[in-house]
Structure formats: C-alpha cells, structure tokens
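Analysis of the macromolecular model
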Amino acid sequence: MDALRIALQILLGVTSLLLTLLILLHKGRGGGLSDMFGGGMSSSLGSSGVAERNLNRFTVVLGITWGVVIIGLGLIMSYAT
C-alpha cells in the first residue's frame, strides 16, 4: 500500500505542475489579469484554432486525472491504519 501511495503522490506532483503550465498557456479571454499584461488584443471569442482546442482537451483530461489522483490519495490515507 505504501508503494501505491508514493506513486500517487509523485503523479499528483507531476500533474499539478503540468496543469499549472497548461492553464498559463491558455489564451486570455479578456477582463482579467491577461488584459493588464497586454492580452486584451484578442480576436473573436468564438473562433479557436486546432491547437487551442487540443490544449483545451489536454487540460481537461489532465484536470480529471488530477482530481482522480486526489480522491485516490484521500481514500488511501483515510483507510490506512
């Protein structure tokens, strides 16, 4: 059980870093800190290229994986005696 807990903790660290990086790569949609740093020059909100859609998909999959790892770690730690 300790090996699984350690593996999940390592996976949590890696997915956390990747998720942070992917969220920062997203294009600003206006009205926030992205406008302050020059991101206010965005084109229409509805159009996104293939790269943006793939980035969205990968971010969602990684976010779901992150959530599953957190739930798994919580269950392991709650049932560990």
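Please refer to the structure higher up on the page.
Residues numbered from 1 in each chain as written. Predicted model: local features only at pLDDT ≥ 70, side-chain atom pairs only at ≥ 80, totals over all residues. Heavy atoms only, no water.

Let us look at the overall build of the protein. Counting secondary structure elements, the protein contains three helices and zero strands. Reading the helices (α) and strands (β) of the protein from amino to carboxyl end gives α-α-α. By the burial criterion, 15% of the 81 residues in the protein qualify as buried. For the protein, the share of sequence-separated contacts (at least 6 apart) that also reach a separation of at least 24 residues comes to 86%. (Helix = DSSP H or I, 4+ residues; strand = E, 2+ residues; numbered from the N terminus. Buried < 20%, exposed > 50% of the residue type's maximum accessible area, 1.4 Å probe, protein only. Contact = heavy atoms within 4.5 Å.)

With that settled, the discussion passes to the side chain of T59. Mapped onto the elements of the fold, T59 is located in helix α3 (residues 50–79). Among the polar contacts made by the side chain of T59, one reaches the side chain of H26 at a distance of 3.1 Å. Excluding residues within four positions of it along the chain, T59 makes contact with L19, L22, I23 and H26. (Polar contact = N/O pair within 3.5 Å; in protein donor to acceptor, adjacent residues only side chain to side chain.)

Moving on, we come to α3. Three- or four-residue spacings in an α-helix give side chains the same orientation, since the helix completes a turn every 3.6 residues. With 30 residues, α3 should cover 44 Å at 1.5 Å per step; its first-to-last C-alpha distance of 44 Å lies within 8% of that length. The set of residues buried in α3 consists of E52, L55, T59, L62, V69, G72, L73 and I76. In this structure, the buried residues of α3 make contact with α1 (2–25). (Expected span 1.5 Å × (residues − 1).)

In contact at an axis separation of 9 Å, α1 and α3 are set at 150° when each is read in the N-to-C sense. Regarding the angle of α1 to α3, the classification is roughly antiparallel. Note that α1 runs across α3; the crossing there is left-handed. (Axes fitted to C-alpha atoms, helices over the stretch in contact; angles between N-to-C directions. Parallel < 35°, antiparallel > 145°, perpendicular 65-115°, else oblique. Left-handed = near helix turned anticlockwise from the far one by under 90°.)

A cluster of nonpolar side chains, contributed by I6, I10, V14, L18, L21 and L25, occupies part of the molecular surface with about 540 Å² of accessible area. Look at V14 and you get partly exposed, because its relative accessible area is 42%. (Patch = residues over 30% accessible without salt bridge, like charges linked within 9 Å, V, L, I, M, F, W, Y side chains within 5 Å. Areas by Shrake-Rupley, 256 points an atom, 1.4 Å probe, with all protein chains shown as cover. Salt bridge = Lys/Arg side-chain N within 4 Å of Asp/Glu carboxyl O.)

When the terminal C-alpha atoms of α1 are compared, their 35 Å separation across 24 residues agrees well with the 34 Å that a helix rising 1.5 Å per residue should span. When we look at burial in α1, the residues that qualify are L8, T15, L19 and L22. Tucked inside the fold, the buried residues of α1 contact α3.

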